[in-house]
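In case you want the letters, here they are:
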Amino acid sequence: MDYLLQLAASPTAWVALATLIVMEIVLGIDNLIFISILTNKLPEKHRAKARRIGISMALILRLGLLSTIAFIVQLTTPVFEVLGQGFSWKDMILIAGGLFLVWKATTEIHHSMDPEPEEKASVGNTVAIGFAAAIGQILLLDLVFSIDSIITAVGMTEHLPIMIIAVVTSVIVMLVAAEPLAKFINDNPTVVMLALGFLIMIGMTLIAEGFGAHVPKGYVYAAMAFSAAIECLNIARRNRHKRLLAARQ
């Protein structure tokens, strides 16, 4: 208790907490975009449930990883070398997660550009298989993003309570933002392509970091924010055009 009171009275601890909360929320954007795109492919009645399960598992994974900080720190220790380049478990997980993101986003873009004819199947089987597959893919990416998130937290502060508060706060923000973001993506088809492009960029960033090339996250998120702002202007222009056409009729 004395330890917690000392933290609460420390201005440095509050600054660290605020900084870490912002970092965790920003890192959670990648996770949230993937969950939103994937759950929008499910039948409407299953989407909210899948999003809640996905984000809840993200929280469980993050808290579980926080309870094994000593093990998480060891994940950054090189396990083997290739041509003088050391690879740790963290590097291999980031590379695998990045490859999966690139593959998934590329597949979705291909499907959007050249959709395959729908196969005849019972509604029950389609929903069950689709829901299970969606949850499985969400859990896989939850693990990748959770490891990245917790290693970032460990690197910014040594105080476990600060890490826990920051992680829980960021996941609550994800939970609140999930429904509006998914609805926005679903209502604006052009945003889906932009979001898939974001996933490819995020995947390539994870791969690059896995190979030891540090990519400043600020540049990545600035590019995403700029692209999103341009798309918002396009959406506003299209909506205004529709209103003008409706007024003339």
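Residues numbered from 1 in each chain as written. Predicted model: local features only at pLDDT ≥ 70, side-chain atom pairs only at ≥ 80, totals over all residues. Heavy atoms only, no water.

> Quick one: what's the story with the overall build of the protein chain, residue by residue and with numbers?
Within the protein chain one finds nine helices and two strands. Counting from the amino terminus, helix and strand elements in the protein chain follow one another as α-α-α-α-β-β-α-α-α-α-α. A total of 249 residues make up the protein chain; the buried ones form 38% of that total. When the accessible surface of the protein chain is summed, it comes to about 14200 Å², and 69% of that surface belongs to carbon and sulfur atoms. (Helix = DSSP H or I, 4+ residues; strand = E, 2+ residues; numbered from the N terminus. Buried < 20%, exposed > 50% of the residue type's maximum accessible area, 1.4 Å probe, protein only. Areas by Shrake-Rupley, 256 points an atom, 1.4 Å probe, with all protein chains shown as cover.)

> Could you give an account of the pairing of strand S1 (residues 78-82), with specific residues and numbers?
With four bridges joining them, S1 and strand S2 (residues 85-88) adopt antiparallel strand pairing. Paired with Pro78 across the two strands is Ser88, which belongs to S2. Counting the residues in the hairpin turn of S1 and S2 gives two residues, including Leu83, whose phi is positive at 55 degrees. (Pairing = 2+ DSSP bridges.)

> Could you give an account of the packing of aromatic side chains, with specific residues and numbers?
The way to describe two aromatic rings as a pair is by their centre distance and the angle between their planes. Under the definition given, this model contains four aromatic pairs. A ring pair is formed by Phe80 and Phe87, whose centres lie 5.6 Å apart and whose planes are at 25 degrees; its orientation type is stacked. Judged by relative accessible area, Phe80 falls into the partly exposed class, the value being 35%. Ring centres 5.8 Å apart and planes at 40 degrees place the aromatic pair Phe100 and Trp103 in the tilted group. In this pair, Phe100 and Trp103 are both assigned in helix H5 (residues 89-113), three residues apart and thus about one turn of the helix distant. Residue classification places Phe100 among the buried residues on the basis of a relative accessible area of 15%. In textbook terms, an aromatic cluster arises when at least three aromatic residues are bridged by ring pairs, as seen for Phe34, Phe100 and Trp103. (Phe/Tyr/Trp six-rings, centres within 6.5 Å; stacked < 30°, edge-to-face > 60°.)

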